[in-house]
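# Structural overview
Listed below are the residues making up each chain.
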Amino acid sequence: MGLPRSVLVATACSAAAALAGALSLTPVHADPGRDHDGPHPVREGGGRGTALDGTPITDAALRALERAAPGLPSGVGYPRRTTLTPPPTDPADTSIKLGLTPYHALAPRLNALQRTGDRVSVEVAGRSAGGHELYLVTVTAPETAKQAREQERMRELIENRPAAAARDGHLEAAYKTPVFINNNIHGNEWEGTDAALALIEELAKAKDAPTADLLARHRVLINVTANPDGRIAGTRENANGFDLNRDAITASQPETRLLRSIAVDRQPAVMLDLHGYVNGTLIEPTTPPHGENYEYDLFLTHAYANALGMEKAVNALGYTPRKDGVRPAVIPFRDQKEGWDDWPPVFTPQYAPFHGAVAAHTVAVPLAVNNDAYESLPVAELRRRSAVNTRVAGAAMRAALHYTYAHRSSVLAAQIEMFRRGAAGEAQRTVSEKTVPGVPGIGPEDVYTTAFPRAYVIPSGKQQRSAVAAARLVDHLLANDVRVDRARTAFRLAGRGYPAGSYVIDMHQPKRGLANVLLADGRDISAKVSAMYDISGWSLGLLWGARVEKVARGPLAYDGRPVRGAAPTGRVAPHGDLELRLDDPREFAALNVLLARGVAVRRGAAGGSAVVPGSARAEARALADRYGVVFRATAERGGATVKRTRVAAAVGAGELFALREMGFDVVPVSTESLNAGFDWSRVDALFVSAGLDVGKLTPAARNGLDRFLGRRVTAVVASGKAGAAFNSSTGLLGVRAVAGSEDGNGVVRVVDTGGRITAGAPAHTFVYAPLWFTGLGAGTRVEQRYGSGDPVVAGHWRAGANGNGGPQDAAGKAAVVSGASVHGTPVVLFGTEPLFRDHPKGSFAQVGRALLG
């Protein structure tokens, strides 16, 4: 059975003390700096996303929509040496000004580090949206292929047979506990990359016994830069305009899919995500609300203790507000009441615990060097700050390694226990100072738990709203390492019958927390806290267009088998003309391919479908195979011809990505691009949600816009506050837009009124800074209303200080309206967010239908 646990911990603590000395940092004193950041974090980069004004999404990024997550090899020994090909030197790389390592210098540096010995391995684990290589470094003691396979066997045992893993003395002694350090996910928060390079070199060259023992007992995984596009350009976002630290659940971006693969394939027990800039250094764990799907007692035990160690290491650097402009470190759980939460799983450190990280932290270094500071401060001051930040990041990294090394046995035991509870279907443990000893200040405000259902069912056949949406959801669950069965025969659960081919998610599984966070409705937490850092609702079960049913309790009795992918859904009727429903983004993608190829497609009678001539059956078969869409036989002749629509879009990054995901030909526009001169003859429709202010247009630009709106164009679509302002400035529809709370967001109930735009839409959608419409003029139609009573299902939406703007004010009001301009152009206004961050797939079709006019 190996050494007793107490002996292992004592031995590790003794060695850790030596390791701490081996990896210690000498405090560096610098000139006093200015205080640019307050002690409390504020929302940054939330909301709709960055408005884009003319930079098209790259072909590589479009291909990434259909590219599977990168497969990280297992069972291959270490070191895994890769000779990296350096990209061309880029003198405009923004990190150069800060005295940091530009992206083009990473490959030569990593090649040299691989040559230092046998501890450093580098893999090209993927490519960014902009086509840059993503470097994953593993630092560990050498392993033969046989030893690597044994490590993989133990990793799988921990996840798949956790009760057996808990009893396995060989595993406890021999398993290399993974620690993952993620850097530079926000491209203009640079310093984690340079701190990681220094750490890699230190571990590679150290000759002391404690470091050798650390690497014999751990794999240290380092994503050198999670966002090379942003690092080079000095932007928070990647080349597609996405904040990657809001994309963990949707995983729309290749960089995020790599992070998911690392979490699934390498199963880190401890992870750090290096950010900036909060003065003093911010070190999670967080304030309430806490994600209700975590085994939070296991997490808080190690996350808080590790935070204390990182705090001590950072403060020991000796920086002070007077000398250096650096305040003492902050641990939000201890030092703040609210405002920095771990409720939404969209952030990388909040996503990692569902894959076994029992301590996961955002660490935000102190001194701002981005945005205004980057432009206004002298280079010498910027470099001083960057040097301080790099040392702070390095101190946090080393402290986390010290903690994991010293507490390896209990960290590993907690990871196993998390998976064991899920597999056994046990209830969560409520956190308290008794259940989480050593963590002071735990109160009722920290208690967030949920009652896991016994199962979820994604029905098949006529019970399913959309077969293509169901298949997409199943494949997404599987990509997130959630276990899914497919029933061979019809069955009944909790009194309801389901046909053969339906999918069952048995919630007695190791990663039940992730399964629930993906599929559950979520929770309205408006009354729990006064403010949230970011969004508060994200249900794939309600927002992705598939029908998902919860089975509250068992027993489960069905003849099923585990699946590795959803069954094919695409098919084409063998004879006659074809009907293509337009309820899903993939159906729009198929339609737009047909239109681009010159196929004469006609409108279906209800406006929610298209009639494809039987002569295009070969094209339909190829598209059914590619997108999983269904072309049914129809006797309908169809109405007007559907035209290929080229869209001018003043939108956020997520919306631009969603439009292109549906296959629309999109030309990004903005106030600036219109003022620079824009050829409106190139486009047929206009979509406005961000970045276009009519009041700031030059006379020439306004005249050009007015001429475009003055002819009967295919469609004008607008959403959100900017869209409502655009409608008001142009007088397209006579309505009054009423703004709800600016930070109100989440999943809400809506009622379809049977119109062309929302017919057959899901009964839920997403809102952010919600709007509703009153004072509707003649000819303006309500397409969708907010639900009655309190429409919020999951999220955080309160009335303002004056008592107005809350969900009760929106109840029953028009959420989506349509009509025609004086020139006959179809106009649709959204008070909801149907394309938010490329996430609510079930609502995409509303925008698609609107743009077809």
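Above: the structure in question.
Described below are features of the structure shown in this document. Worth saying up front: this structure is predicted, and the values here are computed from it rather than measured.

### A word on the overall build of the chain
Within the chain, the regular secondary structure consists of 28 helices and 33 strands. In terms of overall size, the chain behaves like a compact globule, its C-alpha atoms giving a radius of gyration of 27 Å where 853 residues would be expected to give roughly 29 Å. For the chain, the C-alpha atoms occupy an extent of roughly 80 × 65 × 55 Å along the three principal directions. Per-residue burial for the chain yields a buried fraction of 61% across its 853 residues. Sequence-distant contacts, at least 24 apart, represent 80% of the contacts inside the chain between residues at least 6 apart. Only carbon and sulfur atoms are counted for the fraction: they give 52% of the accessible area of the chain, which is about 29800 Å². Between the mean site of the 96 positive side-chain charges and the mean site of the 84 negative ones, the chain shows a separation of 4 Å.

### Focus: the sheet that holds strand β14 (residues 503–506)
Sheet architecture is open: 5 strands sit in the order β15-β10-β14-β11-β16, paired in antiparallel fashion. Because the sheet does not close on itself, it has two edges, and the strands there are β15 (549–551) and β16 (560–562). Taken over all neighbouring pairs, the strand axes of this sheet differ in orientation by 30° on average, direction set aside. Packed onto the sheet, helix α18 (residues 467–479) meets β10 (455–458) and β14 and runs at close to 140° relative to β10.

### Observations concerning the sheet that holds strand β2 (residues 133–139)
In spatial order, the strands read β1-β2-β4-β3-β5-β9-β6; together these 7 strands make up an open sheet with mixed pairing. Each having just a single partner strand, β1 (120–127) and β6 (282–283) make up the two edges of the open sheet. Across 7 bridges, the pairing between β1 and β2 is antiparallel. Pairing of Val122 across the sheet is with Val137, part of β2. Running at roughly 25° to β2, helix α10 (residues 254–266) makes contact with β1, β2, β3 (177–183) and β4 (218–223) of the sheet.

### Quick word on the packing of helix α7 (residues 191–205) against helix α16 (residues 379–406)
The geometry of α7 relative to α16 is characterised by a closest axis approach of 8 Å and an angle of 55° between their N-to-C directions. Accordingly, the angle class assigned to the pair α7 and α16 is oblique. Considering how the two elements wind past one another, α7 and α16 form a crossing that is right-handed. Mapping the contact onto sequence places Glu191, Gly192, Asp194, Ala195, Ala196, Ala198, Leu199, Glu202 and Leu203 in α7 and Ser386, Asn389, Thr390, Ala393, Gly394, Met397, Arg398 and Leu401 in α16. Across the contact of α7 with α16, the residue classes break down as 8 nonpolar, 5 polar and 4 charged.

### Details of unusual backbone geometry
Between Tyr78 and Pro79 the backbone carries a cis peptide bond, its omega angle lying at 5°. Turning to its location among the elements, Pro79 is positioned in the loop between α2 (59–64) and α3 (106–114). Cis geometry is adopted by the peptide bond preceding Pro555, which originates at Gly554 and carries an omega value of 5°. Among the structural elements, Pro555 can be located in the loop between β15 and β16. Non-glycine residue Asp481 carries a positive phi angle of around 70°. Counting through the fold element by element, Asp481 comes out in the loop between α18 and β11 (485–487).

### Re the pattern of salt bridges
Taken as a whole and assessed by the stated rule, the structure comprises 46 salt bridges. With its nearest N and O atoms 2.7 Å apart, the salt bridge here joins Glu143 to Arg219. Taken together, the residues Glu143 in the loop between β2 and α4 (145–160) and Arg219 in strand β4 connect sequence positions 76 residues apart. The residue Asp297 makes a salt bridge to Arg421 at a minimum N-O spacing of 2.9 Å. Pair noted here: Asp297 is in helix α11 (residues 296–315) and Arg421 is in helix α17 (residues 408–424), with a separation of 124 residues, a long-range link. Judged on exposure class, the residue Asp297 and its partner Arg421 are both buried. Each of Glu295, Asp297, Glu417, Arg420, Arg421, Glu426, Arg429 and Arg512 takes part in one network of salt bridges that share partners.

### Thoughts on the packing of helix α21 (residues 585–596) against helix α28 (residues 844–852)
Two elements in contact, α21 and α28, have axes whose closest approach is 8 Å; the angle formed by their N-to-C orientations is 30°. Here α21 is positioned roughly parallel relative to α28, judged by the angle of their axes. Only Phe844, Ala845, Gly848, Arg849 and Leu852 of α28 make contact with α21, whose side of the interface consists of Pro585, Phe588 and Leu591. Among the residues forming the contact of α21 with α28, the class breakdown is 6 nonpolar, 1 polar and 1 charged.

### Points about the pairing of strand β9 (residues 359–365)
With 7 of 7 residues buried, β9 is to be regarded as a mostly interior element. Of the two faces of β9, the one lined by Ala359, His361, Val363 and Val365 and the one lined by Ala360, Thr362 and Ala364 are each fully buried. Pairing analysis gives 7 bridges linking strand β5 (residues 270–276) to β9, with the strands arranged parallel. Looking across to β9, one finds that Gly276 is bridged to Val365. In the sheet, β6 pairs with β9 via 2 bridges, with the strands oriented antiparallel. Looking across to β9, one finds that Leu282 is bridged to Ala364.

### Quick notes on α7
Taking 1.5 Å of rise per residue, the 15 residues of α7 would be expected to cover 21 Å, and the 22 Å separating its terminal C-alpha atoms lies within 8% of that figure. Counting buried positions over the 15 residues of α7 gives 11, a clear majority of the element. Here α7 has its buried residues at Glu191, Gly192, Thr193, Asp194, Ala195, Ala196, Leu197, Leu199, Ile200, Leu203 and Ala204.

### Considering the pairing of strand β20 (residues 609–612)
Here β20 shows two buried faces, one formed by Ser609 and Val611 and the other by Ala610 and Val612. Sheet analysis places strand β18 (residues 577–581) next to β20, joined by 4 bridges and oriented antiparallel. Its bridge partner being in β20, Leu580 is matched across the sheet by Ala610. Pairing between strand β19 (residues 602–603) and β20: 2 bridges, direction antiparallel. Note on β20: the bridge partner recorded for Arg602 is Val611. Turn length for the β19-β20 hairpin, with the two strands adjacent in sequence and antiparallel, is 5 residues, and the turn residue Gly607 shows positive phi of about 85°.

### Here we look at the packing of aromatic side chains
Considering all chains together, one arrives at 21 aromatic pairs under this definition. Considering the side-chain rings of Trp190 and Tyr374, the 5.7 Å spacing of their centres and the 20° angle between planes classify their relative orientation as stacked. Highlighted residues: Trp190 in the loop between β3 and α7 and Tyr374 in helix α15 (residues 371–376), separated in sequence by 184 residues. Geometrically, the ring pair formed by Phe678 and Trp680 is edge-to-face, given 4.9 Å between the ring centres and 80° between the ring planes. The pair Phe678 / Trp680 is uniform in exposure class, with both members buried. Members of the aromatic cluster, connected to one another through ring pairs, are Tyr294, Tyr296, Phe299 and Phe354. Of note, Arg80 hangs over the ring of Tyr78, and the distance from its end group to the ring centre comes to 4.1 Å. The residue whose ring lies beneath Lys97 is Tyr374, and the NZ or CZ to ring-centre distance is 4.4 Å.

### A word on the environment of Gly554
Tracing the sequence through the fold places Gly554 in the loop between β15 and β16. Owing to a relative accessible area of 38%, Gly554 belongs among the partly exposed residues under this scheme. Considered as a pair, Gly554 and Asp229 are 325 residues apart in the sequence and their alpha carbons are 48 Å apart.

### Description of the environment of Gly819
Of note, Gly819 is situated in strand β32 (residues 814–820). We classify Gly819 as buried; its relative accessible area is 18%. The spatial distance from the C-alpha of Gly819 to the C-alpha of Gly805 is 25 Å, given a sequence separation of 14 residues.

### As for the environment of Tyr503
Relative to the assigned elements, Tyr503 resides in strand β14. Taking the C-alpha atoms as reference points, Tyr503 and Val474, 29 residues apart in sequence, are found 7.9 Å from one another. For Tyr503, the contacting residues outside a window of four places in its chain are Tyr456, Val457, Ile458, Val474, Val484, Asp485, Arg486, Val563, Ala566 and Ala567. Reaching out from Tyr503, the side chain makes a polar contact with the backbone nitrogen of Ala567 at a distance of 2.8 Å.

Cut-off values and rules
Residues numbered from 1 in each chain as written. Predicted model: local features only at pLDDT ≥ 70, side-chain atom pairs only at ≥ 80, totals over all residues. Heavy atoms only, no water. Helix = DSSP H or I, 4+ residues; strand = E, 2+ residues; numbered from the N terminus. Rg over C-alpha atoms; globule rule 2.2 N^0.38 Å. Buried < 20%, exposed > 50% of the residue type's maximum accessible area, 1.4 Å probe, protein only. Contact = heavy atoms within 4.5 Å. Areas by Shrake-Rupley, 256 points an atom, 1.4 Å probe, with all protein chains shown as cover. Lys, Arg positive; Asp, Glu negative; His and termini not counted. Charge placed at Lys NZ, Arg CZ, Asp CG, Glu CD. Pairing = 2+ DSSP bridges. Axes fitted to C-alpha atoms, helices over the stretch in contact; angles between N-to-C directions. Parallel < 35°, antiparallel > 145°, perpendicular 65-115°, else oblique. Left-handed = near helix turned anticlockwise from the far one by under 90°. Nonpolar A, V, L, I, M, F, W, Y, C, P; charged D, E, K, R; others polar. Salt bridge = Lys/Arg side-chain N within 4 Å of Asp/Glu carboxyl O. Expected span 1.5 Å × (residues − 1). Phe/Tyr/Trp six-rings, centres within 6.5 Å; stacked < 30°, edge-to-face > 60°. Lys NZ or Arg CZ within 6 Å of the ring centre and 35° of its normal. Polar contact = N/O pair within 3.5 Å; in protein donor to acceptor, adjacent residues only side chain to side chain.

These figures capture arrangement, not role.
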